[in-house]
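# Structural features, examined
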Amino acid sequence: MNSLLYIEHLEKRIDEFHLGPINLEIEPGTITALVGNNGSGKSTFLKLIMNLAKPEKGNIKVNNIFTHGENEDWKNSVAYLPQTVLGWDAFTGNTLKELIKALYPNWDEELFLKMVNLFEIPLNKKFSKLSQGVQQKLNLALTLPRNAPLLLLDEPTYFMDIPSKKILMDLIVDWMEPGDRSIIIASHQIDDIRKLSDYLFVLHNGKFLGHFEKEELIENYARYWITSSLEDATIPGVVLQEGNVIISNRISETENYLESQNIKWNKRNTLELDDIITLLLTQNKQ
Amino acid sequence: MELPIRISKDSREPIYHQIVNQFKALIAGGHLSAGAPLPSIRALSKDLEISIITTRRAYQDLELQGFIKTLQGKGTFVAEIAEDLKEEVKVTSVHNIIENAVDTALSYDYNLSQVKEIFLTILKDKEKGE
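Residues numbered from 1 in each chain as written. Chains lettered and ligands numbered in written order. Predicted model: local features only at pLDDT ≥ 70, side-chain atom pairs only at ≥ 80, totals over all residues. Heavy atoms only, no water.

We now examine empty space enclosed by the protein. Residues and elements named next belong to chain A. According to the stated counting rule, one finds one cavity of 30 Å³ or more in the structure shown. Of the voids in this model, the largest cavity is the one considered here, and its volume is about 40 Å³. Looking at the largest cavity, the residues that line it are Leu48, Asn51, Ala53, Pro55, Gly58, Asn59, Ile60, Thr67 and His68. Looking at the lining of the largest cavity element by element, the count peaks at three residues for strand β4 (residues 57–62). For the lining of the largest cavity, the residue count by class is four nonpolar, five polar and no charged. (1 Å grid on protein atoms, 1.4 Å probe; cavity = no way out; pocket = protein on both sides within 12 Å on 5 of 7 lines; lining within 4 Å. Points joined across faces, edges and corners; volume = space filled by probe spheres on them. Helix = DSSP H or I, 4+ residues; strand = E, 2+ residues; numbered from the N terminus. Nonpolar A, V, L, I, M, F, W, Y, C, P; charged D, E, K, R; others polar.)

Structural data, given as structure tokens:
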């Protein structure tokens, strides 16, 4: 299958900050959550894909076209929603729509009107007069209907109220139905990650920690309540120990060791996704 | 459409397997009748908070076993199931639930005769209509 996005050996340096190396391939039909601490390089990574920042090393292909080349046809295959847009303040939603619609041949007017209606966006007010939440809604209504196969969303729901977040999730599920589109969504909202993502792409201070299938990642971790004495045992696979509770990310190694040492546990459970993300983003500090 | 499917992430049974078994039980029990439309893979993945990789695997398994069918461009539907297959599913799902209950009891260090006692008490209560 052709990948919508293909990235190899990507590296970027900004002063002391170093992003990468990153290798990533995005298949059609999938949603990838871009997860990381503040300042981990998520936004920079999305800008690199859009050719808005230049990498030191590596290649990026969108729909099989190099984004740094002469051929700019790839731009029709990707729609990007940045955290903040520049230069929109003086325009109304109506004007912005006409400007953007002209650039995208697959523009879906019906979807645009549906989103305006669901989010109750006033189209005759200047962008600068809208609240941050409404600005985000308008921005989304101007991005999804472009119907580009690859959608890059940078913190799309940060300022939105709870009902609007739910509406957006349903819109995204519908938008994905054709099965040949993909989304990369940078988000700190655990609900977005839980309900929408198939894969998690994790960055910590610019370092690429992995590209995980959601259930595989969850299945890798388990928490045990130990009933016998642990003393100072170093248990293989254990990433966190608090009293008699241990967390492992190499379950079979841990269980084999516990059994061989005759250490008993009376309860084992799975970790929540946010606990796993926290472990990934804090362990790496040491 | 919201389906009464609940997955347990703590269970040792793989998630796709839990989905397959619960669909089979819903179909065999008549809660989902032949021809009924099923949620898309993406929509079910959102509701169950799992990836489409897992949901797709469950749907493929169900299709292979003849419980559902996919019509190109139209969606996924419950298939016609033979009566003897329905019966078989009912027997297996009841068997599995009781087996799980026994396993839980054993994990609490009950012995088999104690489990039997509990089971008989429940049956007696049911006979009395409680």
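This part covers the domain arrangement of chain B. All names here are of chain B. Along its sequence, chain B is organised into domain 1 (15–78) and domain 2 (83–127). Taking only C-alpha atoms into account, the centre of domain 1 sits 27 Å from that of domain 2. In this assembly, seven residues from domain 1 lie in contact with four residues from domain 2. Approximately 430 Å² of surface area, both sides summed, lies buried where domain 1 meets domain 2, with 78% of it carried by carbon and sulfur atoms. (Domains from an automatic or database assignment. Contact = heavy atoms within 4.5 Å. Buried area = accessible area lost by both parts, 1.4 Å probe.)

Moving on, we come to the interface of chain B and chain A. Taken together, the 15 residues of chain B in the interface contact 21 residues of chain A. Between chain B and chain A, a total of about 1,600 Å² is buried, with carbon and sulfur atoms accounting for 48% of that surface. Of all residues in chain B, Arg42, Lys46 and Glu49 of chain B give up the largest surface area on contact with chain A, accounting jointly for 43% of the area buried on that side. For the pair chain B and chain A, the number of links is three salt bridges. Inspection of the region where chain B meets chain A yields twelve residue pairs in polar contact (both at pLDDT 80 or more). Residue assignment for the side of chain B that touches chain A shows that the elements contributing at least two residues are α2 (41–48) and α3 (52–64) of chain B. Considering only residue class, the side of chain B that touches chain A consists of five nonpolar, four polar and six charged. (Salt bridge = Lys/Arg side-chain N within 4 Å of Asp/Glu carboxyl O. Polar contact = N/O pair within 3.5 Å; in protein donor to acceptor, adjacent residues only side chain to side chain.)

This part is about the pattern of salt bridges. Taken as a whole and judged by the stated rule, the model has 17 salt bridges over all chains. The closest approach of N and O atoms between Lys101 of chain A and Glu109 of chain A, which form a salt bridge, is 3.5 Å. A salt bridge links Glu83 of chain B to Lys86 of chain B; the nearest nitrogen and oxygen atoms lie 3.7 Å apart. Residue Glu83 of chain B and its partner Lys86 of chain B are located together in helix α4 (residues 83–107), separated by three residues, close to a single helical turn. Judged by relative accessible area, which is 23%, Lys86 of chain B ranks as partly exposed. The network of salt bridges with common partners includes Lys97, Glu98, Lys101 and Glu109 of chain A. (Buried < 20%, exposed > 50% of the residue type's maximum accessible area, 1.4 Å probe, protein only.)

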